[in-house]
Amino acid sequence: MQTSIFSDAHWLRTENQGYGQLPIPRVLDHKIYQVISKWIDLNENARKEAAKSIQESQRFAFLAFSERMASLAVRKKVLISYLQA
């Protein structure tokens, strides 16, 4: 059972400066996506255990990631709607 997903992502505590304001997409978006995907693949108990190791600085990066991906989804939907019109 791999519960060290977030502690192994120590780079997330230092590479997130100004991340929310950067153009989308960035390499960091993909790296964060990979971490979240690994967490999703865990069973429920392992996810709970892994989540305990998330550091405060990482929480802000995940928040920024969620906002960035929501923005990207809206942009893509608007673009697709425009192209289909």
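Before reading further, recall that the structure is shown in the block above.
Residues numbered from 1 in each chain as written. Predicted model: local features only at pLDDT ≥ 70, side-chain atom pairs only at ≥ 80, totals over all residues. Heavy atoms only, no water.

(A) Structural detail: helix α2 (residues 27-41). Helix length check: α2 (15 residues) gives 22 Å between terminal C-alpha atoms against 21 Å at 1.5 Å per residue, within 8%. Among the residues making up α2, those that are buried are Leu-28, Asp-29, Ile-32 and Val-35. Considered in projection along α2, the buried side chains sweep an arc of 130 degrees and stay on one side of the axis. With respect to the buried face of α2, the exposed residues turned more than 90 degrees away are Val-27 and Asp-41. Lining the buried residues of α2 we find α1 (5-8) and α4 (56-84). (Helix = DSSP H or I, 4+ residues; strand = E, 2+ residues; numbered from the N terminus. Expected span 1.5 Å × (residues − 1). Buried < 20%, exposed > 50% of the residue type's maximum accessible area, 1.4 Å probe, protein only. Arc of directions from axis to C-beta. Contact = heavy atoms within 4.5 Å.)

(B) Up close: the side chain of Ser-53. As for its placement among the helices and strands, Ser-53 is situated in the loop between α3 (44-51) and α4. Given a relative accessible area of 18%, Ser-53 falls into the buried group. Here the side chain of Ser-53 touches Ala-50 through a polar contact of 2.8 Å, landing on its backbone oxygen. (Polar contact = N/O pair within 3.5 Å; in protein donor to acceptor, adjacent residues only side chain to side chain.)

(C) Structural context of α4. Counted at 1.5 Å a residue, the expected span for α4 with its 29 residues is 42 Å, and the 42 Å between its end C-alpha atoms agrees. If you follow the buried residues of α4, they end up packed against α1 and α2.

(D) Local environment of the packing of α2 against α4. For the pair α2 and α4, interaxial distance at closest approach is 11 Å and the crossing angle is 110 degrees. By the angle between their axes, α2 is roughly perpendicular relative to α4. Across the interface between the two elements, Asp-29, Ile-32, Tyr-33, Val-35 and Ile-36 of α2 pack against Ala-61, Phe-62, Phe-65, Arg-68 and Met-69 of α4. In terms of residue class, the contact of α2 with α4 is built from eight nonpolar, no polar and two charged. (Axes fitted to C-alpha atoms, helices over the stretch in contact; angles between N-to-C directions. Parallel < 35°, antiparallel > 145°, perpendicular 65-115°, else oblique. Nonpolar A, V, L, I, M, F, W, Y, C, P; charged D, E, K, R; others polar.)

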